[in-house]
Amino acid sequence: MSYKVLIANRGEIALRAMRACKELDIKTVAVYSTADKDLKHLKFADESVCIGPPSPSLSYLNAAAILSAAELTEVDGIYPGYGFLAEDANFAEMCEKSGFKFIGPSSEIIKKMGDKITAKTLAEESGIQIVPGYKGEIPKSEDEVKKIVNKIGYPIMIKATAGGGGRGMRMVKDESALFNSLEITIQEAQSAFGNGTVYLEKFIENPRHVEVQVVGDGKGQAIHLGTRDCSMQRKHQKIIEEAPALDINELALKETLEACVSLCKKIKYEGVGTIEFLYENNEFYFIEMNTRIQVEHPVTEMITGYDLVKAQLRIALGMEIELIQNEIDFKGHAIECRINAEDPITFQPSPGLITKMHTPGGFGIRYDSHIYGGYRVPPYYDSLLSKVITLANTRESAIKRMLSALDEFFIQGIKTNHSLHQDVLRDKTFAENKHTINYLEKEFLPNNYE
Ligand code: MV4
C-alpha cells in the first residue's frame, strides 16, 4: 500500500514532516504561498501546488484552497503541523467529509478540547488535578458571583472557554475590579470567538509550565512520553524548552502521568497530544490540552528515541504502530533553543535576506531548520528560523553543549535572538533550574517589561 500526504504548512515543520514521509515511503505534496516559493521542503516534494498570495488567511489558513490542492493531487491525508489549521475542528471536519484523512484526532475531539470548560471536565473525570475554580454558568446575581469568587479566593483568572494559549483571559486582584473585568472578558470573548462563555480559576501566581506528551492509537491504547518544561517564555512565546522537567515531586508526577494516559484511553485519543499544566508547590494543575504536534517535540524525541512525527503519520494512515509504555526508555536531558528572526532586545521581527550562515553540528546536537544562506525570510509569518537541540547525560552538560553549538552558529543579514539565548544559558537562575513562567519578563528582562 502506498500513501500520499499533503503537507498543509510551511517552514521547519513542513521540512520535518517531509523527512518523516520519506522515511515511511509516503509520497508528498507541498503547498505554498507566492511568498514561499523558495522554501527548502519544496525541493524534496513529489509535487507542489501554489495555494495563494502571502497573507495566511488567503493561503495556509484557506481551507478551500488546501482542499482543492488535495483533490487535484489525489492525496490520502493532510498533515497540518502546528499553527494555521492544526487545531481547527471545522477544517478537520471538512477533510473528513471530503474523504481526506486529517492527520490528527477527529474533529469531534479537537472541538471538545478547543472548548476549555469541556476539556477541564474531561481531564477532571480522568483523575487529572485541575486548577480550582468555577466552570458553571455565571449567576445573574452579583451577590452569588461574589460568593463563588470568595470561595475560590483572590486573585482569580477569568478565562474564555473558547480561548487558550493566553487569549481571552484576565486576572482579577480584588472585588473592586471583578464585575468590570467579567463584563469586558465576556464581551471580548464574544467578539473574538463568537462565544462569550467564561469560567473562573484561582490565579496560580508563580508556577512553572510543565507539559506531558501523549500518544494514542485512536482505539483506546495510549502512552505518555514524559514531561517537558517550557517555563522560559515571553508573552506566551516559548524560547527554551527542555525534557524532562526536573525537580518535580515524584508522587505527583507518577499520578499525573497515569491520569494523562487514562484521559487518552477514555476518549480514545488518536495521534500525538500535549497536556499542559501549571506546576507550583509540588502540585500539577491542568490548564489545557493541545491536539497537535508542538514546536518543542524534538526534546521529547531526543530523550526517548521515539519519532513523534512518524507516529502521527503511522497512526493516521493505519500502519503498524508499536505502542507499549514499557518500551519507552528515558535517557539523558535535552534542551531546545528557538532561534527567531527578531531583535534580541526589542523583540521586533527582523525579516530579510540571509546573506551568510553557518549551522551547528556534532555529537548530541540536532539542528531543525528550513533556512539557508541566500534565503529571504518573508515578513508574513512566524519568526521561527531554527531549533537547536542538544542531548547530553545531564542538564548541566546539555546546557554546555548548547553554548558550544551556539558558538558555531551564525546568521548574517538579519537580526536574531541568538545573543539572548547565550545570555539566558549563562544565567544563574536558569542554571539552578529556579526560573518560573514570570522569570524572563519580570526578572531577566525587567527593562523591556511592560
Ligand atoms: C493561568 C495562569 C495562572 N493561573 N491560569 C497562559 C496561557 C494559557 N495556556 C494559560 N495561561 C495561564 N493560565 C491560572 N489559573 C498563568 C498563565 C500564564 C502562563 C501559563 C503557561 C505558560 C506561560 C504563561 C505566561 C503567563 C500566564
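Fair warning: this is a prediction, and the values are worked out from it, not measured in the lab. (Residues numbered from 1 in each chain as written. Predicted model: local features only at pLDDT ≥ 70, side-chain atom pairs only at ≥ 80, totals over all residues. Heavy atoms only, no water.)

**Q** When you look at the overall build of the chain in this model, what are you seeing that I'm missing?
**A** Counting its regular elements, the chain contains 14 helices and 21 strands. Taken against the 2.2 N^0.38 rule, which gives 22 Å for 450 residues, the C-alpha radius of gyration of the chain at 22 Å falls within 12% of a compact globule. Buried residues in the chain amount to 57% of all 450 residues. Taking all contacts inside the chain whose residues are at least 6 apart in sequence as the whole, residues at least 24 apart take part in 66%. When the accessible surface of the chain is summed, it comes to about 19400 Å², and 48% of that surface belongs to carbon and sulfur atoms. (Helix = DSSP H or I, 4+ residues; strand = E, 2+ residues; numbered from the N terminus. Rg over C-alpha atoms; globule rule 2.2 N^0.38 Å. Buried < 20%, exposed > 50% of the residue type's maximum accessible area, 1.4 Å probe, protein only. Contact = heavy atoms within 4.5 Å. Areas by Shrake-Rupley, 256 points an atom, 1.4 Å probe, with all protein chains shown as cover.)

**Q** Sorry if this is basic, but what is going on with the domain arrangement of the chain here?
**A** Note on interface size: it is often stated as the accessible area lost on association of the parts. One can read the domain layout of the chain as domain 1 (4–103), domain 2 (132–202) and domain 3 (208–449). In this structure, domain 2 and domain 3 have C-alpha centres spaced 30 Å apart. Together, the buried faces of domain 2 and domain 3 total about 360 Å²; carbon and sulfur atoms form 52% of this surface. Put simply, domain 2 and domain 3 have 0 salt bridges between them. Put simply, domain 2 and domain 3 have 1 residue pair in polar contact (both at pLDDT 80 or more) between them. Partitioning the side of domain 2 that touches domain 3 into residue classes produces 2 nonpolar, 3 polar and 2 charged. (Domains from an automatic or database assignment. Buried area = accessible area lost by both parts, 1.4 Å probe. Salt bridge = Lys/Arg side-chain N within 4 Å of Asp/Glu carboxyl O. Polar contact = N/O pair within 3.5 Å; in protein donor to acceptor, adjacent residues only side chain to side chain. Nonpolar A, V, L, I, M, F, W, Y, C, P; charged D, E, K, R; others polar.)

**Q** Would you take a moment to explain the site of the ligand for this structure?
**A** Inspection of the region around the ligand gives 18 residues, with K159, E201, K202, I204 and E288 positioned closest. Here I204 contributes a backbone N or O atom positioned 2.9 Å from a nitrogen atom of the ligand. Isolated, the ligand exposes 520 Å² of accessible area, and the fraction of that covered by the protein chains is 91%. Residue assignment for the shell around the ligand shows that the elements contributing at least two residues are β7 (156–164), β9 (198–202), β13 (270–280) and β14 (283–290). Across the shell around the ligand, the residue classes tally to 8 nonpolar, 5 polar and 5 charged. (Near = heavy atom within 4 Å.)

**Q** Teacher, can you tell me more about the environment of I287 here?
**A** Summarising the element assignment, I287 is placed in strand β14. Among the residues examined, I287 registers a relative accessible area of 11% and is labelled buried. Each C-alpha atom of the pair I287 and G165 lies 9.6 Å from the other, and the pair is 122 residues apart in sequence. Apart from the residues within four sequence positions on either side, I287 is in contact with V131, K159, E201, E276, F277 and L278.

**Q** I keep staring at the sheet that holds β7 and nothing clicks. Help me out?
**A** Here we have 4 strands laid out as an open sheet, ordered β6-β9-β7-β8, and antiparallel in their pairing. The open sheet has two free edges, formed respectively by β6 (133–134) and β8 (167–172), since each of these has just one partner strand. In this sheet, β9 lies alongside β6 in antiparallel orientation, the contact comprising 2 bridges. Among the inter-strand pairings, G133 is bridged to a residue of β9, identified as E201. (Pairing = 2+ DSSP bridges.)

**Q** Explain helix α8 (residues 250–266) to me, please; I cannot follow it from the model alone.
**A** Side chains of residues three or four places apart in an α-helix project in the same direction, reflecting 3.6 residues per turn. The first and last C-alpha atoms of α8 sit 24 Å apart over 17 residues, in line with the 24 Å expected at 1.5 Å per residue. Residues A252, T256, L257, A259, C260, V261, L263 and C264 constitute the buried set of α8. Its buried side turned inward, α8 meets α4 (107–114), α5 (116–125), β10 (208–217), β11 (222–234), β13 and β14. Where α8 begins, the capping side chain belongs to N249, and its oxygen is found 3.1 Å from the backbone nitrogen of L251. Count one or two residues on from α8 and you reach K268, which has phi positive near 50°. (Expected span 1.5 Å × (residues − 1).)

**Q** How should I be thinking about the sheet that holds β11 in this particular structure?
**A** Within a sheet, adjacent strands bond to each other through the backbone by hydrogen bonds, running parallel or antiparallel. In spatial order, the strands read β14-β13-β10-β11-β12-β15-β20-β18; together these 8 strands make up an open sheet with antiparallel pairing. The strands lining the two open edges of the sheet, one partner per strand, are β14 and β18 (365–369). Between one strand and the next, the sheet's axes are offset by a mean angle of 25°, whatever the strand orientation. Pairing geometry for β10 and β13, over 10 bridges, is antiparallel. When the sheet's bridge partners are listed, H209 is paired in β13 with L278. The strands that helix α1 (residues 11–23) touches are β18 and β20 (384–392); relative to β18, the one it contacts most, it runs at about 110°. (Axes fitted to C-alpha atoms, helices over the stretch in contact; angles between N-to-C directions.)

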